[in-house]
Amino acid sequence: MEKLAGFRKELREAQEGSHPEIEERLIVVKMEKEMAIRSAECFKEYQIQCANSLYETEMISSNEVYEQEKAALKDRMLAEIEERKKKLKEERENFDINNESSLESQKSVTTRKNTRASGRQTEEKKEKKGKKTDKLILSPLKDEEVREDLTQLRKAMKK
């Protein structure tokens, strides 16, 4: 009976939560639980730090790539602008040269006419004086005059 009374006493203590063996096991389980929670929190912090570090590294890398691409684009744009400026300058110079050559050719046409007319006058004067020459008076033409004559002939042929 004593054993039965001891079992009942242990049963009551177990139900009330004051049994010494259960209290010891409960303390051990609580300590294990707290250690597991601390370990999980430490691991969580470690993972957050790793993620933040990876994020920072990728941000720095992407910013470097962005700056490199930005500089390359700027260089390409500046090079293209310079190329366009050169083309415009060349076109302007060619336009000026063409205008100058057309103006010079117009002047030279009148000059040639004057030269021919004056050449005729001199021939007529020589003939009047009684001196006959079978020589032709040739005035050397400039390269620009020849080019202008060719362009005028080509234009006339196209029409």
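Structural data are supplied above this passage.
Residues numbered from 1 in each chain as written. Predicted model: local features only at pLDDT ≥ 70, side-chain atom pairs only at ≥ 80, totals over all residues. Heavy atoms only, no water.

J.: Is there a simple way to explain the overall build of the protein in this structure?
T.: When helices and strands are counted, the protein shows three helices and zero strands. Reading the helices (α) and strands (β) of the protein from amino to carboxyl end gives α-α-α. For the protein, buried positions account for 4% of its 159 residues. In the form shown here, the protein has an accessible surface area of approximately 15500 Å², with 56% of it arising from carbon and sulfur atoms. (Helix = DSSP H or I, 4+ residues; strand = E, 2+ residues; numbered from the N terminus. Buried < 20%, exposed > 50% of the residue type's maximum accessible area, 1.4 Å probe, protein only. Areas by Shrake-Rupley, 256 points an atom, 1.4 Å probe, with all protein chains shown as cover.)

J.: How do you make sense of the pattern of salt bridges when you look at a structure like this?
T.: Opposite charge on two side chains makes pairing possible when the charged atoms of those side chains draw close. Counted by the stated rule, this structure contains four salt bridges. Of the charged contacts, one joins E34 and R38 as a salt bridge, the two residues approaching to 3.9 Å between their closest N and O atoms. Of this pair, E34 and R38 both sit in helix α2 (residues 20-129), separated by four residues, roughly a single helical turn. Given the relative accessible area of 44%, E34 is considered partly exposed. A salt bridge links E83 to K87; its shortest N-O distance comes to 3.6 Å. Residue E83 and its partner K87 are located together in helix α2, separated by four residues, close to a single helical turn. For E83, a relative accessible area of 45% gives the class partly exposed. Judged by relative accessible area, K87 falls into the partly exposed class, the value being 46%. (Salt bridge = Lys/Arg side-chain N within 4 Å of Asp/Glu carboxyl O.)

J.: Even after reading the chapter, I still don't get a nonpolar patch on the surface, so can you show me in this structure?
T.: Taken together, the side chains of L141, V146, L150 and L153 make up a nonpolar region of the molecular surface, amounting to roughly 330 Å² of accessible area. By the secondary structure assignment, L141 is in the loop between α2 and α3 (143-158). Classification of L141 as partly exposed rests on a relative accessible area of 40%. (Patch = residues over 30% accessible without salt bridge, like charges linked within 9 Å, V, L, I, M, F, W, Y side chains within 5 Å.)

J.: Hey, could you run me through a negative patch on the surface in this one?
T.: On the surface, a cluster of negative charge is made up of E10, E21, E23 and E24. For the negative patch, the leading source of residues is α2, giving three residues. Within the secondary structure layout, E24 lies in helix α2. (Lys, Arg positive; Asp, Glu negative; His and termini not counted. Charge placed at Lys NZ, Arg CZ, Asp CG, Glu CD.)

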